[in-house]
Amino acid sequence: MTDHNTRTDMLAGRVALVTGAGRGVGAAIAARLAGNGAHVAVNDVHADRAEDVAQELTARGGHAIAAAGDVTDPEAVARIVREIHTSSGSISILVNNAGIPVTGIPLTPFSESDPAEWESMFRLNTFAVMHLCREVIPIMTGLGWGRIITISSDSGRTGEAQMAAYAASKAAGASLMRSLAKELGPSGVTCNSLSLGTIAPDSADSEALASHARRYPVRRLGMPDDVAAAVLWLVSDGGGWTTGQTIPINGGYSTS
Ligand SMILES: NC(=O)c1ccc[n+]([C@@H]2O[C@H](COP(=O)([O-])OP(=O)(O)OC[C@H]3O[C@@H](n4cnc5c(N)ncnc54)[C@H](O)[C@@H]3O)[C@@H](O)[C@H]2O)c1
């Protein structure tokens, strides 16, 4: 996790729940929010990862708690939200980040794909987002202010051969943001998704990475902090007029 020395209190008084924040993109988002004054609940299905990140953010002077649990389990989601609400008094930012990196998904031709794989992808990338939104929206509308951001993928926006289940489930999560934006705009709650290109994994063959990076006009893969910077803008006051959007964070990648 990179430590960004530029710290502000622009998010003072905001309480954020970041799912899947025990490593990778989610950990960078949690760090960026905590570094700018938010109280951050660090969720992960791996409790040790959530604890480690929360402790590191606290050691750096931020306010963070671990909120372990499996976001595909509606009862766990209800418990997580209840515990954060009780300990912190509100939840005004939700970042739906828990998921699987695109590089971790085996390529499977559609005709060979297993319906069980489809169910598991939709449980994680769509239903978990729905369960979390159901729990936090009443809190946010009560505050008259909220930000919901779902981390989606270029696969969902443009389609992806041999990854149809992942792509469709990510597209559904982004679509949910567009519908909720229309319902919740009058209540002060914005809902957007970020469509990520490939984020450089921590460990990978540098030759393969360099070759992959050539697909991108900026000639590099994304870093978790590229995503965290976009989240910070969306949750800032300056992001308040942006809702219902699927924003590519992808180094200019395009299929055309
Ligand atoms: N890495 C990429 O290239 C890439 C590209 C496009 C989209 N994305 C999306 O970005 C998000 C973050 O990806 P990443 O690369 O940081 O992945 P990562 O595997 O490094 O981190 C994801 C974290 O989510 C947690 N998690 C998984 N299932 C969970 C569950 N059911 N409940 C709670 N936590 C859970 C994992 O334990 C892990 O710590 C994901 O939604 C992914 O689909 C990633």
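This one's a predicted model, so the numbers in the text were calculated from it and none came from an experiment.

## As for the sheet that holds strand S5 (residues 146-153)
Pairing between the strands of a sheet comes from backbone hydrogen bonds, and it takes one of two forms, parallel or antiparallel. In spatial order, the strands read S3-S2-S1-S4-S5-S6-S7; together these seven strands make up an open sheet with parallel pairing. Of all the strands in the sheet, just strand S3 (63-66) and strand S7 (246-249) have a single pairing partner and so form its edges. Across this sheet, the average inter-strand angle for adjacent strands is 20°, counted without regard to direction. Bridge analysis of strand S1 (residues 15-18) against strand S4 (residues 93-96) gives three bridges, and the strand direction is parallel. Bridge pairing in S4 places alanine 16 opposite isoleucine 93.

## Thoughts on the packing of aromatic side chains
Tallied over the full model, the rule gives three aromatic pairs. Taken together, a centroid distance of 6.3 Å and an interplanar angle of 10° make the contact between tryptophan 118 and phenylalanine 122 stacked. With a gap of four residues between them, tryptophan 118 and phenylalanine 122 both fall in helix H4 (residues 115-143), about one helical turn apart. For tryptophan 118, a relative accessible area of 24% translates into the label partly exposed. Judged by its relative accessible area of 22%, phenylalanine 122 falls in the partly exposed class. A centroid spacing of 5.4 Å and a plane angle of 45° characterise the contact between tyrosine 216 and tyrosine 253, whose relative ring orientation is tilted. Placement of the pair is tyrosine 216 in the loop between helix H7 (206-213) and helix H8 (224-235) and tyrosine 253 in the segment after S7, with a sequence separation of 37 residues. The residues tyrosine 216 and tyrosine 253 share a single accessibility class, namely buried. Taken together, the ring pairs connect Phe110, Trp118 and Phe122 into an aromatic cluster.

## Remarks on the UniProt feature "domain: Ketoreductase" (unreviewed entry) in the protein chain
As annotated in UniProt, the feature "domain: Ketoreductase" (unreviewed entry) corresponds to residues 14-202 in the numbering used here. With 50% helix and 17% strand, residues 14-202 has end C-alpha atoms that lie 30 Å from one another.

## A short note on the packing of helix H3 (residues 74-88) against H4
To characterise two packed helices, one gives the angle between the axes of the helices and the distance between these axes. Contact pair H3 / H4: the axes reach a minimum separation of 9 Å and the direction vectors enclose 30°. When the interaxial angle is binned, H3 and H4 end up roughly parallel. Considering how the two elements wind past one another, H3 and H4 form a crossing that is right-handed. Across the interface between the two elements, Pro74, Val77, Ala78, Val81 and His85 of H3 pack against His131, Leu132, Glu135, Val136 and Ile139 of H4. Residue classes in the contact of H3 with H4 are distributed as seven nonpolar, two polar and one charged.

## A closer look at the site of the ligand
In the vicinity of the ligand there are 29 residues, among which Arg23, Asp44, Asn97, Ile100 and Lys170 approach most closely. Between the ligand and the protein, one listed contact pairs a nitrogen atom with a backbone N or O atom of valine 71 at 3.1 Å. In the environment of the ligand, an oxygen atom lies 2.8 Å from a nitrogen or oxygen atom belonging to the side chain of lysine 170. Relative to its free-state accessible area of 830 Å², the ligand is covered by the protein chains to the extent of 92%. Broken down by element, the shell around the ligand gets its largest block of residues, three residues, from S5.

## Here's the deal with the nonpolar core
Core analysis: the largest hydrophobic core is formed by 36 residues, its most contacted members being Ile29, Leu33, Val40, Val42 and Leu194. Listing elements by their share of this core, those giving two or more residues are S1, helix H1 (24-35), strand S2 (39-42), helix H2 (47-59), S4, S5, strand S6 (189-196) and H8. The element that contributes the greatest number of residues to this core is H1, accounting for eight residues. Those residues in contact with leucine 194, other than ones at most four positions away along the chain, are Ile149, Thr150, Ile151, Ser152, Ser153, Val227, Ala230, Val231, Leu234, Ile247 and Ile249. Ala98, Met140, Leu180 and Val189 belong to the second largest nonpolar core, which has 27 residues in total.

## A word on the side chain of threonine 190
The residue threonine 190 is located in strand S6 in this model. Residue contacts for threonine 190: discarding those within four places in its chain leaves Gly146, Arg147, Ile148, Gly240, Thr242 and Thr243.

## Section: the pairing of S6
Summarising burial for S6: eight of the eight residues are buried, a large majority. Sheet topology note: the S5/S6 ladder contains eight bridges and is parallel. Residue pairing in the sheet places serine 152 in a bridge with serine 195 of S6. Pairing geometry for S6 and S7, over four bridges, is parallel. When the bridges of S7 are listed, serine 195 appears paired with proline 248.

The rules behind these values
Along each chain, residue indices are assigned from 1 in the same order as the chain's sequence is written. With the structure being a predicted model, the display of local features is reserved for residues of pLDDT at least 70 and the display and counting of side-chain atom pairs for 80 or more, all residues being used for whole-chain, interface and lining totals. To get the side-chain values, take all heavy atoms of the structure and skip hydrogens and water. When DSSP locates at least two bridges between a pair of strands, those strands are taken to pair. Runs of H or I in DSSP of at least four residues are treated as helices and runs of E of at least two as strands, each being numbered from the N terminus. Helix axes are fitted only over the stretch in contact, all axes being lines through C-alpha atoms; the angle between N-to-C directions runs from 0 to 180 degrees. Classification of ring pairs uses Phe, Tyr and Trp, with its six-membered ring standing for Trp, and accepts pairs whose centres are within 6.5 Å; under 30 degrees between planes counts as stacked, over 60 as edge-to-face, and the remaining range as tilted. Relative accessibility under 20% of the residue-type maximum defines a buried residue, over 50% an exposed one, and the middle range a partly exposed one, all with a 1.4 Å probe and only protein chains included. UniProt positions are given in the numbering used here, feature names are shortened, and annotations may be inferred rather than shown by experiment. An angle below 35 degrees is read as roughly parallel, one above 145 as roughly antiparallel, one from 65 to 115 as roughly perpendicular, and any other as oblique. Note: crossing handedness is left-handed where the near helix turns anticlockwise from the far helix by less than a right angle, and right-handed where it turns clockwise. Contacts between residues were defined by any pair of non-hydrogen atoms, one from each residue, lying within 4.5 Å. Three classes are used, and their members are as follows: Ala, Val, Leu, Ile, Met, Phe, Trp, Tyr, Cys and Pro are nonpolar, Asp, Glu, Lys and Arg are charged, and the others, Gly among them, are polar. Note on definitions. A residue lies near a molecule or strand when any single heavy atom of the residue is within 4 Å of it. Any pair of N or O atoms that falls within 3.5 Å is considered a polar contact. Within protein, one atom must be able to donate a hydrogen and the other to accept it, and sequence-neighbouring residues count only if both atoms are side-chain atoms. All accessibility values rest on the Shrake-Rupley procedure with a 1.4 Å probe; residue burial counts only the protein chains present in the view. We define a nonpolar core as any set of buried Ala, Val, Leu, Ile, Met, Phe, Trp, Tyr and Cys residues linked to one another through side-chain atoms lying within 4.5 Å.

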